[in-house]
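So the chains spell out like this:
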Amino acid sequence: NTEAALRVRRQVRTLADELEKRVPGAFVLSPPWTLTADGTPEMSEGSRRAVVALLRAGVIPVFHGDMVMGHSGQWTVLSGDRIAPLLARLLDARLVFCSRYALHNQPPE
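Residues numbered from 1 in each chain as written. Predicted model: local features only at pLDDT ≥ 70, side-chain atom pairs only at ≥ 80, totals over all residues. Heavy atoms only, no water.

**Looking at the overall build of the protein chain**
In terms of regular secondary structure, the protein chain is built from three helices and eight strands. Traced from its N-terminal end to its C-terminal end, the protein chain shows the element sequence α-β-β-β-α-β-β-β-α-β-β. In the protein chain, buried positions account for 27% of the 109 residues. The long-range share in the protein chain, meaning contacts at least 24 apart out of those at least 6 apart in sequence, stands at 50%. Accessible surface computed for the protein chain: about 7,700 Å², of which carbon and sulfur atoms make up 54%. (Helix = DSSP H or I, 4+ residues; strand = E, 2+ residues; numbered from the N terminus. Buried < 20%, exposed > 50% of the residue type's maximum accessible area, 1.4 Å probe, protein only. Contact = heavy atoms within 4.5 Å. Areas by Shrake-Rupley, 256 points an atom, 1.4 Å probe, with all protein chains shown as cover.)

**Describing the nonpolar core**
The biggest cluster of nonpolar side chains holds ten residues, and these are Trp33, Leu35, Met43, Val51, Phe63, Val68, Leu78, Ile83, Leu86 and Leu87. Elements supplying a minimum of two residues to this core: strand E2 (33–35) and helix H3 (80–90). Top contributing element to this core by residue count: H3, with three residues. (Core = buried A, V, L, I, M, F, W, Y, C linked by side-chain atoms within 4.5 Å.)

**Focus on the pairing of strand E6 (residues 75–78)**
Pairing of strand E5 (residues 66–69) with E6, which is carried by four bridges, proceeds in the antiparallel orientation. Across the sheet, the residue bridging to Met67 is Val77, located in E6. Adjacent in sequence and paired antiparallel, E5 and E6 are bridged by five residues, among which Gly73 carries a positive phi angle near 90°. (Pairing = 2+ DSSP bridges.)

**Some thoughts on helix H2 (residues 45–56)**
In a regular helix each residue adds 1.5 Å, so twelve residues correspond to 16 Å; H2 covers 16 Å between its end C-alpha atoms and thus fits that length. Three or more residues of H2 are buried, namely Ser47, Val51 and Val52. The buried residues of H2 occupy an angular sector of 140° when projected down its axis, which confines them to one face. When the buried face of H2 is taken as reference, the exposed residues oriented beyond 90 degrees from it are Arg49 and Arg56. Contact partners of the buried residues in H2: strand E3 (41–43) and strand E4 (61–62). (Expected span 1.5 Å × (residues − 1). Arc of directions from axis to C-beta.)

**Here's the deal with the environment of Arg82**
By secondary structure assignment, the location of Arg82 is in helix H3. The class for Arg82 is partly exposed, based on a relative accessible area of 37%. Taking the C-alpha atoms as reference, Arg82 lies 8.7 Å from Pro41; in sequence the two are 41 residues apart. Arg82 has contacts with Gly39, Thr40 and Pro41, leaving out every residue within four places of it along the chain.

**Quick notes on the layout of surface pockets**
Of the volumes computed, that of the largest pocket is approximately 310 Å³. As for the largest pocket, its lining consists of 16 residues, of which Pro61, Phe63, Ala84, Leu87 and Leu95 are closest to the centre. The set of elements that each furnish at least two residues to the lining of the largest pocket consists of H2, E4 and H3. In terms of residue count, the dominant contributor to the lining of the largest pocket is H3 (five residues). (1 Å grid on protein atoms, 1.4 Å probe; cavity = no way out; pocket = protein on both sides within 12 Å on 5 of 7 lines; lining within 4 Å. Points joined across faces, edges and corners; volume = space filled by probe spheres on them.)

And the structure:
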């Protein structure tokens, strides 16, 4: 339901505000993703250029999962674990997942 999705988004923004005070980077509060009809996340060319511009300026964009509305009008979770490999492919970049105990080349189980 829309109210629950918006409540989650507000909580994510509050968390991002707190993290931004402690971690250097540019927090991208609303991930620039849309969902195709089959549910595949995609980023517009303009959003991709904006991320590249941040990187070239030496700013680390920090993405997080969020609630996004699909073509069916239903809210769904677009997780950070799903965003990261998509972003790496778009930017032709290598991807490393970090956990408290190790570095991984795929999301930790």
